[in-house]
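# Working through the structure, step by step
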Amino acid sequence: MISIKYWLCIFLLLSASSIALTDSEREWIDSVASFYGERAGKRVSAWRDIISDSKSLPEAKKLENINNFFNQLYFVNDISLWGKEDYWATPLEFLGSNAGDCEDFSIAKYFSLIELGIDDKKLRLVYVKALELNQFHMVVAYYETPSSEPVLLDNIKGEILIASKRTDLKPIYSFNGSQLWLMKERGKGTLAGKSARLGLWNDLRSRIQMEAFNKPIKNYDE
């Protein structure tokens, strides 16, 4: 199984310098612009600016910047956008479309925070039941220390809050680059194996790898 360090290396290779975009990032922007349009390319460029500007900031500020940036995009369900019941978009697909569902918001935030140097052990993608909406939902959890109560990055409520303040969310399970947990309490969980058990997660990481090596972006409407 490919380790999270491998995926982190891919993103670090593509990260921006403080002076200019890398050749790989320019290819990203050009590819998205040619497929989705010029404004989509500008969204990718703005993402790379946020990454570059946030690299030297404290982790709390990195969380805030990334959460605020992606929460500007629109919510659209997978059926309307991709013609599938459940599809996990890569950050480039999300930015290109300018829309996605809760998984797409969370995935883009997660990989951006990984690229900014936040340890994968501090991050989890968390499936929850959004009680007020009566539907399943995904958020990003950040643990400052292993024993800390996590804070949640969410597209429903933009403010970053500790888990105990989000009584509208009931956790179900969570995962990161390597592990999977069943959630019985807010902020806690029982280890349930490797995240590689999740087929959608494996498919997502495969497509991210393709994008990292600048292979063509697939047209999912074909």
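You'll find the structure just up there.
Computed from a predicted model, the values in this text were never measured in an experiment.

## As for the layout of surface pockets
The space that makes up the second largest pocket amounts to roughly 240 Å³. Lining the second largest pocket are 15 residues, and of these Phe 75, Asp 101, Cys 102, Glu 103 and Phe 136 sit closest to its centre. Where the lining of the second largest pocket is concerned, the elements lending two or more residues are helix 5 (78-82), helix 7 (102-115) and strand 4 (135-142). If one sorts the elements of the lining of the second largest pocket by residue count, strand 4 sits on top with three residues. Class assignment of the residues belonging to the lining of the second largest pocket gives a composition of six nonpolar, four polar and five charged.

## Here we look at the pairing of strand 4
Burial within strand 4 is extensive, with six of its eight residues counted as buried. Summarising the sheet, strand 3 (residues 123-130) and strand 4 pair through eight bridges and their orientation is antiparallel. Bridge assignment links Leu 125 to a residue of strand 4, and that residue is Val 140. The pairing of strand 4 with strand 5 (residues 151-153) spans three bridges and is antiparallel. What sits directly across from Tyr 142, in strand 5, is Val 151.

## Describing the sheet that holds strand 7 (residues 169-175)
Pairing in this open sheet of seven strands is antiparallel, and the strands run 6-5-4-3-7-8-9 from one edge to the other. Bordering the open sheet on either side are strand 6 (161-162) and strand 9 (190-194), each of which pairs with just one other strand.

## Describing the side chain of Glu 25
Within the element layout of this structure, Glu 25 appears in helix 2 (residues 23-36). According to the relative accessible area criterion, Glu 25 is buried, its value standing at 0%.

## A short note on the pattern of salt bridges
Under the counting rule described, the total for this entry stands at ten salt bridges. A salt bridge links Glu 38 to Lys 42; its shortest N-O distance comes to 3.8 Å. Of the two residues, Glu 38 and Lys 42 are both situated in helix 3 (residues 38-54); the distance of four residues between them amounts to about one turn of the helix. For Lys 157, the salt bridge identified is with Asp 168, shortest N-O distance 3.9 Å. Here the residue Lys 157 occupies a position in the loop between strand 5 and strand 6, and Asp 168 occupies one in the loop between strand 6 and strand 7, the gap between them amounting to eleven residues. Through salt bridges that share partners, Asp 154, Lys 157, Arg 166 and Asp 168 make up one connected network.

## Section: the packing of helix 2 against helix 3
At their nearest, the axes of helix 2 and helix 3 sit 6 Å apart, and the two run at 150° to each other. The orientation of helix 2 with respect to helix 3, classified from their angle, is roughly antiparallel. Relative to helix 3, helix 2 is oriented so that their crossing is right-handed. Where helix 2 approaches helix 3, its residues Glu 25, Trp 28, Ile 29, Val 32, Ala 33 and Tyr 36 are matched on the opposing element by Glu 38, Ala 40, Gly 41, Val 44, Ser 45, Trp 47 and Arg 48. Taken together, the residues of the contact of helix 2 with helix 3 break down into eight nonpolar, two polar and three charged.

## Brief notes about the pairing of strand 3
Judged by how many residues are buried, strand 3 sits mostly within the fold: seven of eight residues are covered. In sequence, strand 3 turns back onto strand 4 through a hairpin of four residues, with Asn 134 there showing a positive phi of about 55°. Bridge count between strand 3 and strand 7: six bridges; the pairing is antiparallel. Paired with Val 128 across the bridge in strand 7 is Pro 171.

## Topic: helix 8 (residues 199-212)
With 14 residues, helix 8 extends 20 Å between its outermost C-alpha atoms, agreeing within 8% with the 20 Å of an ideal straight helix rising 1.5 Å per residue. Where helix 8 is concerned, the buried positions are Trp 201, Leu 204, Arg 205, Arg 207, Ile 208, Glu 211 and Ala 212. Buried residues in helix 8, looked at end-on, bunch into an arc of 165°, giving them a common side.

Basis of the calculations
Residues numbered from 1 in each chain as written. Predicted model: local features only at pLDDT ≥ 70, side-chain atom pairs only at ≥ 80, totals over all residues. Heavy atoms only, no water. 1 Å grid on protein atoms, 1.4 Å probe; cavity = no way out; pocket = protein on both sides within 12 Å on 5 of 7 lines; lining within 4 Å. Points joined across faces, edges and corners; volume = space filled by probe spheres on them. Helix = DSSP H or I, 4+ residues; strand = E, 2+ residues; numbered from the N terminus. Nonpolar A, V, L, I, M, F, W, Y, C, P; charged D, E, K, R; others polar. Buried < 20%, exposed > 50% of the residue type's maximum accessible area, 1.4 Å probe, protein only. Pairing = 2+ DSSP bridges. Salt bridge = Lys/Arg side-chain N within 4 Å of Asp/Glu carboxyl O. Axes fitted to C-alpha atoms, helices over the stretch in contact; angles between N-to-C directions. Parallel < 35°, antiparallel > 145°, perpendicular 65-115°, else oblique. Left-handed = near helix turned anticlockwise from the far one by under 90°. Contact = heavy atoms within 4.5 Å. Expected span 1.5 Å × (residues − 1). Arc of directions from axis to C-beta.

Keep in mind these numbers describe shape, not what the thing actually does.
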